Amino acid sequence: MTEAILLVGGQGTRLRPLTSHIPKPLLPVAGVPFLTHQLARAAAAGVTRIVLATSYLAELFEAEFGDGSRLGLELEYVTEQTALGTGGAIRNAAEWLRGGPDEPVLVFNGDILSGADIAALRDGHRASGADVTLHLKRVADPRAFGLVPTDTEGRVQAFLEKPQTPQDITTDQINAGCYVFTRSVIDRIPAGRVVSVERETFPELLSAGAHVRGVVDDSYWLDLGTPAAFVQGSADLVRGRVASPALPGPVGDALVLPGAEVHPSAVLSGGTVVAAGAVIGEGAVVEGSVLLAGAEIAARVTLYRSLVGRHARIGEGSFLDAVVVGDGAHVAEGNELPPGLRIACGVHLPAHSVRTSASPTHCTAPDVTHSGASRTSRATH
C-alpha cells in the first residue's frame, strides 16, 4: 500500500471558535498542525502518496504542506465544491489515485488521533483477501456511535445505527475511522453525488456478499472533535501516551517551543504546550493546557485543561478551568471562568465579570471574526 486518501473536508463546528479561521486538521496539536502527525505516521508505515479530500478553507492545506516533500510524501489536493459525504468524498478523491484495481488504499479521517498499526492493517488486508478492512475500537459507552459487530473470524456482520435503548447495544465495537479498501471497491461507489460510506457503501457491500473485515485492537484512539478532546490529545502526545514521529521535542510534562517566554517561577505540567511567541508570567500555573502562538498569560494566572488562542491575553490573577479562549480575545484580570466556557475571537471580557459560582457554558457570537474593536461578551447557557 503506497497510496492513501485523507478526509479533511469538515468545518469543525464543535471546535468553534478555534475553527473560525482554520480547518480542524490544521489546528496545532502538540506543537504542530494535527495533520502533520497523521501524515508522518502514514509515511512511517510505507505510504508514499496521499490525496487530501478538502472543502472548508481548502487553500490552507496546500499552503501548509505544499507538495509534501518535507514529510517524504507526494501530496495531491482535491476540493469538493459541494459536500459529498464520506463515500462521495472517497470516490471523488479516487480519481487522482494511480494504483491498479487490486491495490490496497488507506482511507482515514483527519480528526482522529490513533495509535493503530497502519502497516499491520495493510498486511492483514492483503493476506485475508478482504474487499475492505475496517479498524474498530471498543468503547466503554457506545451510545454515541454506530455499532459494528463481527463474527469469530473478524467478518463484519452488520452496520447498526446509534443505539436508542440499552437493548440495542449488541456490541461495544465502533467504526474508528480508518480503512483499507481494495481500489476496485472504491471505483464502484457512485460518482458525483452524496454517499455515506457508513450508511450506504458498507451495508451494500455486506448485502452483496463482499468480504468486509473488522480489526479490533486496544491501541490509543481519540476523536479530536471537541475542545476537551483536543486538549487531551495534545497532552497525551506530549506525555508519550500515543507516539508520533512529528512530535517537535522530547516526551515530558510540558513542551515549550522555541521563541516562547516562560517566567522561571511559572509551573507547567500535564502535557502543556506553549507555542512560539507565547508568554507566561510570574507565578502562573498551567496544567494540561495549550497556548497558541502569541498568547499572553499574565502573572499568577491559573490554567487547567484550557486552550488559549493566538494572540489572546489572560489578565493577572485569573482562573480558567476547561475554557476555550478564541484568537485575539482578552480576559481581563481577576476573572474566574468555569468549565465549558468559550470566549469568542476578539471578545473583551471585563475584569471580574464571570465567577465560578455562575454556570455559563458559552459566550455569545462564537463565530465572530477579528474586527479590531473591543466587544463585551455576555455568558449564556
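Report on the accompanying structure. Predicted model only: the values in this text are computed from it and were never measured.

Focus: the sheet that holds strand β10 (residues 212-217)
Part 1 of the reasoning: One open sheet accounts for seven strands, arranged β5-β4-β1-β6-β9-β8-β10; its pairing is mixed. In this open sheet, the two edge strands, each paired with only one partner strand, are β5 (74-79) and β10. For this sheet the average axis-to-axis angle between neighbouring strands, irrespective of direction, equals 25°.
Part 2 of the reasoning: Of the strand pairs in this sheet, strand β1 (residues 3-8) and strand β6 (residues 104-109) are connected by five bridges, and their pairing is parallel. Across the sheet, residue L6 finds its bridge partner in β6, namely F108.
Part 3 of the reasoning: Relative to β1, helix α3 (residues 85-93) is tilted by about 135°, and along the sheet it contacts β1, β4 (49-54), β5, β6 and β9 (173-182).
Part 4 of the reasoning: Relative to β9, helix α6 (residues 197-207) is tilted by about 65°, and along the sheet it contacts β8 (132-138), β9 and β10.

Focus on the packing of aromatic side chains
Part 1 of the reasoning: Taken as a whole and judged by the stated rule, the model has six aromatic pairs.
Part 2 of the reasoning: Taken together, a centroid distance of 5.3 Å and an interplanar angle of 70° make the contact between Y179 and F202 edge-to-face. Of the two residues, Y179 sits in strand β9 while F202 sits in helix α6, which places them 23 residues apart along the sequence. Judged on exposure class, the residue Y179 and its partner F202 are both buried.
Part 3 of the reasoning: Connected via pairs of aromatic rings, a cluster forms that spans F159, Y179, F181 and F202.

As for the pattern of salt bridges
Part 1 of the reasoning: Scanning the entire structure with this criterion turns up 21 salt bridges.
Part 2 of the reasoning: Between E76 and R49 there is a salt bridge whose closest N-O contact spans 3.3 Å. Note that E76 is positioned in strand β5 and R49 in strand β4, a separation of 27 residues in sequence.
Part 3 of the reasoning: Judged by relative accessible area, which is 22%, E76 ranks as partly exposed.
Part 4 of the reasoning: Residue R49 is classed as buried on the basis of its relative accessible area, which comes to 6%.

With respect to helix α4 (residues 118-128)
Part 1 of the reasoning: The set of residues buried in α4 consists of I118, A119, L121, R122, G124 and H125.
Part 2 of the reasoning: On its buried face, α4 is in contact with α1 (34-44), β6, β8, β9 and β10.
Part 3 of the reasoning: Once α4 finishes, G129 follows within two positions and takes phi at roughly 75°, a positive value.

Describing the nonpolar core
Part 1 of the reasoning: If you look at the biggest cluster of nonpolar residues, it comprises 50 residues, and the most contacted ones within it are L6, L35, L39, I50, L52, L75 and L106.
Part 2 of the reasoning: Those residues in contact with L39 that sit more than four places away from it in its chain are L6, I50, F65, L71, L73 and L75.
Part 3 of the reasoning: Within the second largest apolar cluster, 29 residues are counted, among which are A89, I90, A94 and V132.

Quick word on the pairing of β9
Part 1 of the reasoning: Where burial is concerned, most of β9 is hidden: ten out of the ten residues are buried.
Part 2 of the reasoning: In this structure, β6 lies alongside β9, joined through five bridges in antiparallel fashion. If you follow V105 over to β9, its bridge partner there is F181.
Part 3 of the reasoning: Bridge count between β8 and β9: six bridges; the pairing is antiparallel. If you follow R138 over to β9, its bridge partner there is Q173.

Rules behind the numbers
- In every chain, residue numbers begin from 1 and rise along the written sequence.
- Per-residue local features of the predicted model are confined to residues with pLDDT of at least 70, and side-chain atom pairs are confined, for both listing and counting, to 80 or more; whole-chain, interface and lining totals are unaffected and use all residues.
- Only heavy atoms go into the side-chain values, all of them from the structure, while hydrogens and water stay out.
- Strand pairing is defined by DSSP finding a minimum of two bridges between the two strands.
- Labels follow the DSSP assignment, with helices taken as runs of H or I lasting at least four residues and strands as runs of E lasting at least two, numbered in each case from the N terminus.
- For helices, the fitted line uses only the C-alpha atoms of the stretch in contact; every axis is such a line through C-alpha atoms, and the angle between N-to-C directions lies from 0 to 180 degrees.
- What makes two residues a contact is simply this: any of their non-hydrogen atoms within 4.5 Å.
- Each aromatic pair joins two rings of Phe, Tyr and Trp (for Trp, the six-membered one) with centres within 6.5 Å, and gets the label stacked for planes under 30 degrees apart, edge-to-face for over 60, and tilted for any other angle.
- Burial classes: relative accessible area under 20% of the type maximum marks a residue as buried, over 50% as exposed, and values in between as partly exposed (1.4 Å probe, protein chains only).
- One speaks of a salt bridge when a side-chain nitrogen belonging to Lys or Arg is within 4 Å of a carboxyl oxygen belonging to Asp or Glu.
- By nonpolar core we mean a set of buried residues, namely Ala, Val, Leu, Ile, Met, Phe, Trp, Tyr and Cys, connected to one another through side-chain atoms within 4.5 Å.

Geometric values such as these leave the question of function open.
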